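Each chain, letter by letter, is given below.
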Amino acid sequence: MVKPNLTQWHRWLGLTLSLWMLLMAISGSLLLFKNELLTLFYPQLDLQQPVSVTEAAHIADGFSSGYALMPTADRPWFEVVNADKSHFYYSATGELLLERPYLGDFVSWLVELHHHLALNDLGKDILGVLGLSSLLLVFTGLIRWWPRRGSFRRALAIRWANPFSRRGMQTLWQLHRCVGALLFIPIVIVLVTGTAVMYAAPVKSALTYLLPFQPQVKEQSLPRQPLNNWTQRLAIVSDVLPAAEARLLYLENPQIRAKHDAEWHPNGRNYIQFSEQNTVSNVIDERATPLGNQVSNMIYPTHVAAVGGSFYLIVVLLSGVALILLPTTGIWFYVKRFSKRSTIR
């Protein structure tokens, strides 16, 4: 039996992963503009005045399960997600602007498909395997492209022709390898971070083991009085975690996630936890955790372009465009070549 060579591995991996890669690239690129999409589809969310912390606390008191997202500059509404994954959006006056049921619109489907193929934990397992396979695909592609003789300039040249013409095969092949080579680093960043998100727990454990250094942060005294509602709980955030803002509220077993100014994660990885008596039972300051844990918390914001401003957003968007072009040109080239061989026979 003849063992498959690198070219054959690359071809069959590409044919197997092409549909998934297209789905992830299209959905991921669109989700970079999730808030803009929501405002486009639901104009009532285009608020001139953000929801205040006080009003957000009053609204949160009306829910006993799920979680809530505090308003930010790019997301001025107050958003509550209940146990059945329905989303509720509130204005600065506490008015319910919109209710989005689970899988009830285009944006909801985009999120569920991109995060776990709308298959919950099973989908995450599948995405992890596909992500690792896709990394093997792009590395085999780079090895195949790498010039053995001649210049890199020639290896990146494209002779443009109508893809539907007889010379179109050459254009498709050259465009495929040129896009893969030029955008290799952004593609790998997106694939590595996306796959790492699927394996968040083992990745965090590995990084913490490799980078155990734990900085010292001044401890804050914990409030002892009972905090019976969200107004009282949110009021102590700046005292317990100075220079941090509340970003996410867990409503069933009260807990607050907060973000420091220099932190990458859009919702922060600092926690204020409450006991059954509604007193502060524990505070986790992300800056006092092992360095490996802090690095692992940078993976998700790197994947979704939550850092780096407009420049990095364009880089991630280009990687999405590349992951659309690569399977499209690859399959197109394969179909044309297969058709040509069939005609010759």
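For the structure, see preceding data.
Predicted model, so just to flag it, every value in this text is computed and none were measured.

Visitor: Outline helix 3 (residues 53-60), supporting the account with residue identities and numerical values.
Guide: Within the sequence span of helix 3, burial applies to Ala56, Ala57, Ile59 and Ala60. Taken down its axis, helix 3 places every buried residue within 165 degrees of arc, on the same side. Summarising the contacts, the buried residues of helix 3 are in contact with strand 2 (78-81), strand 3 (87-90), helix 10 (230-235) and strand 5 (244-250).

Visitor: Run through the nonpolar core, naming residues and quoting values.
Guide: Formed by 27 residues in total, the largest nonpolar core has its most connected members in Phe78, Leu234, Leu249, Ile256 and Ile272. Put simply, the parts of the chain that give this core at least two residues each are helix 3, strand 2, strand 3, helix 10, helix 11 (237-240), strand 5, strand 6 (255-260) and strand 7 (270-274). Broken down by element, the residue count for this core peaks at four residues, all from helix 3. In this view, Phe78 contacts Val51, Ala56, Ile59, Ala60, Ala68, Leu69, Met70, Pro71, Phe88, Tyr89, Tyr90 and Leu249; residues no more than four positions away in its chain are not counted. Among the nonpolar cores identified, the runner-up in size contains 25 residues, and Leu127, Leu142, Ile187 and Val188 belong to it.

Visitor: Help me get a handle on the packing of aromatic side chains, residues and values and all.
Guide: Under the defined criterion, the tally for this structure stands at nine aromatic pairs. Aromatic side chains Trp145 and Trp146 sit 5.8 Å apart centroid to centroid with 90 degrees between the ring planes, which places their arrangement in the edge-to-face category. Judged by its relative accessible area of 12%, Trp145 falls in the buried class. On the basis of relative accessibility, which here comes to 45%, the residue Trp146 falls in the partly exposed class.

Visitor: Can you tell me about the pattern of salt bridges, naming the residues and giving the values?
Guide: If you walk through the whole model with that rule in mind, you get three salt bridges. The salt bridge partner of Glu245 is Arg247, with a shortest N-O separation of 3.4 Å. Here Arg287 ties to Asp285 by a salt bridge, and the two come within 2.9 Å at their closest N and O atoms.

Reading the values: the criteria
- Residues numbered from 1 in each chain as written.
- Predicted model: local features only at pLDDT ≥ 70, side-chain atom pairs only at ≥ 80, totals over all residues.
- Heavy atoms only, no water.
- Buried < 20%, exposed > 50% of the residue type's maximum accessible area, 1.4 Å probe, protein only.
- Helix = DSSP H or I, 4+ residues; strand = E, 2+ residues; numbered from the N terminus.
- Arc of directions from axis to C-beta.
- Contact = heavy atoms within 4.5 Å.
- Core = buried A, V, L, I, M, F, W, Y, C linked by side-chain atoms within 4.5 Å.
- Phe/Tyr/Trp six-rings, centres within 6.5 Å; stacked < 30°, edge-to-face > 60°.
- Salt bridge = Lys/Arg side-chain N within 4 Å of Asp/Glu carboxyl O.

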